[in-house]
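Breakdown of the fold
Listed here are the chains, written in short residue letters.
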Amino acid sequence: MSHLTIALDIMGGDHGPHIIFPAVLKALQETPTLNIILCGPQAIMLEWFNKQSIEIQNRLELSDCSQEVLMDDAPSHALRHKKDSSMRRILNLVQDGKADACVSAGNTGALLTMAFYVLKTLPGIDRPALVTQIPTKNNGKVNLLDLGANINCDSEVLFQYAVMGSVLAEQIGSINQPKVALLNVGVEEIKGNDQVKQTARLLTDSKSINYIGYIEGHDIFSEKADVIVTDGFVGNIALKSWEGLFKFIFEEIKRVSQQNWYFSILAKVALPIFHRLYLRMKPDQYNGASLVGLRGIVVKSHGNASSEAFLYAIRKSIQEVEMQVPKKIKDKIEAALMERHE
């Protein structure tokens, strides 16, 4: 791609613009074809913009917004009353074709509602889904969806999630015939609620999806599946449980290592192993949940993301632009639906 443009909501998240600006600089440095539109209050952006080199300034555009979506804004309120917000602006830029993708660390519910309203879903997709990659054994990754976009999903929506997850695994993960599993309370066919069982039947009958059956929670981090499908209620809990467990483990290692000299020495000896595990497992590098199923690319960064984590979200948006993810999803869902009606 000769050049691409990403729109960023600089007012989203817990830490505001000061963690986003360093990520912007790093992204521009590592991707020469990248241009960025910053959306937020002009005064805040100009103060930082004027300190940058001419080369960097030439690849930036400032879009002044008079409003900000707050973390406690109700989605319906944000949709109706925050039309000049930085969050709404990035979505409008994608809709108008002025940006190839957008990234926000803001209010998740508001972003989902606005994105659904502004961009609409692709043909054949009822609801968009939030999906991210998490680590598995042997340096692998698995696409987990939905992460909270839709709490209640029927079997048709879960089937669509499976199609969208497959496309992401194929395009972003370069996996041929990705293995798709349904998250369930057991692997036996008799286990699960009616919604899961009906989804399993749809996936079993589909030639477009490499469905491998049910998977339990303790196998999320195995390499059994490339895509794991569930509703947003379960998916959100699973994701946040992983993030919480990661923090707990490393806080415990630190606490135990400070108990006495013996544990302190053991911790220092094992430090290279702990550091390698930390780099492999830390949630920062998996930041950026893609809101897939829309007629445009939207990436949701974690609200408390660091600059490094926000950079990963920008990288994810670039990947999806380069791989033309919405088009690939549209093509695959059309093929899957045609197959079912033959």
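Everything in this summary refers to the structure shown in the same document. Sequence order sets the numbering: in each chain, residues are counted from 1 along the sequence as written. Since the coordinates come from a predicted model, pLDDT governs what is reported: local features require at least 70, and pairs of side-chain atoms require 80 or more to be given and counted, while whole-chain, interface and lining totals use all residues. Here the side-chain values reflect all heavy atoms present in the structure, with hydrogen atoms and water set aside.

**Notes on the pattern of salt bridges**
Throughout this description, the term salt bridge denotes a Lys or Arg side-chain nitrogen within 4 Å of a carboxyl oxygen of Asp or Glu. Throughout the structure, instances matching the rule amount to eight salt bridges. Across the pair Lys82 and Asp73 runs a salt bridge, and its minimum N-O distance is 2.6 Å. For the pair shown, Lys82 and Asp73 are each scored as buried. With a shortest N-O distance of 3.1 Å, Lys330 and Glu334 are connected by a salt bridge. Here Lys330 pairs with Glu334, and both are found in helix H12 (residues 325–341), just four residues apart, close to one helical turn. The buried label goes to any residue with under 20% of its type's maximum accessible area, the exposed label to any with over 50%, and the partly exposed label to all in between, with areas taken from a 1.4 Å probe on protein chains only. Taking relative accessible area as the criterion, Lys330 reaches 29% and is therefore assigned partly exposed. Strands are runs of DSSP state E lasting at least two residues, helices are runs of H or I lasting at least four, and both sets are numbered from the N terminus onward.

**Observations concerning unusual backbone geometry**
Of note, the bond from Leu145 into Asp146 is cis; its omega dihedral lies within 30 degrees of zero at 10 degrees. When you line up the elements, Asp146 lands in the loop between strand S6 (140–145) and helix H7 (155–171). The phi angle at Gln177 is positive, at roughly 55 degrees, despite the residue not being glycine. In this structure, Gln177 sits in the loop between H7 and strand S7 (179–183).

**Considerations on the nonpolar core**
By convention a nonpolar core is built from buried Ala, Val, Leu, Ile, Met, Phe, Trp, Tyr and Cys residues, the set being connected through side-chain atoms within 4.5 Å. Counting residues in hydrophobic clusters, the biggest one holds 40 residues, and the most contacted among them are Leu91, Ile228 and Val298. Looking at which element gives the most residues to this core, the answer is helix H6 (residues 108–119), with seven residues. We call two residues in contact whenever any of their non-hydrogen atoms come within 4.5 Å of each other. If we skip the residues at most four places from it in the chain, Leu91 touches Cys102, Leu111, Met114, Ala115, Val118, Leu119 and Val298. Counting 33 residues, the second largest nonpolar core, distinct from the first, contains Met164, Ala200, Leu202 and Val227.

**Brief notes about the side chain of Ser290**
Within the secondary structure layout, Ser290 lies in strand S10 (residues 289–292). If we ignore the near neighbours within four places in the chain, the residues touching Ser290 are Ala129, Leu130, Val131, Val298, Val299, Lys316 and Glu320.

**Some details on a nonpolar patch on the surface**
Any residue with relative accessible area above 30% and no salt bridge may belong to a patch, with like charges joined within 9 Å and the nonpolar Val, Leu, Ile, Met, Phe, Trp and Tyr side chains within 5 Å. Each accessible area is a Shrake-Rupley result for a 1.4 Å probe, and residues are judged covered by the shown protein chains and nothing else. A contiguous nonpolar surface patch, about 660 Å² in accessible area, is contributed by Trp261, Tyr262, Phe263, Ile265, Leu266 and Val269. In this fold, Trp261 is placed in helix H10 (residues 261–281).

**A closer look at H6**
The end-to-end C-alpha separation of H6 is 16 Å, in line with the 16 Å expected for 12 residues at 1.5 Å each. Restricting attention to buried positions, one finds in H6 the residues Ala110, Leu111, Leu112, Met114, Ala115, Val118 and Leu119. Considering only its buried residues, H6 is in contact with helix H4 (75–81), helix H5 (86–95), strand S4 (101–104), strand S5 (129–136), S10 and strand S11 (297–300). Think of a polar contact as two N or O atoms within 3.5 Å of one another; within protein, one of them needs to be a possible hydrogen donor and the other a possible acceptor, and neighboring residues in sequence only count if both atoms come from side chains. N-cap assignment for H6: the residue whose side-chain oxygen lies 3.1 Å from the backbone N of Gly109 is Asn107. Just downstream of H6 lies Lys120, where phi reads positive at about 65 degrees. Multiplying one less than the number of residues by 1.5 Å gives the expected span of a helix.

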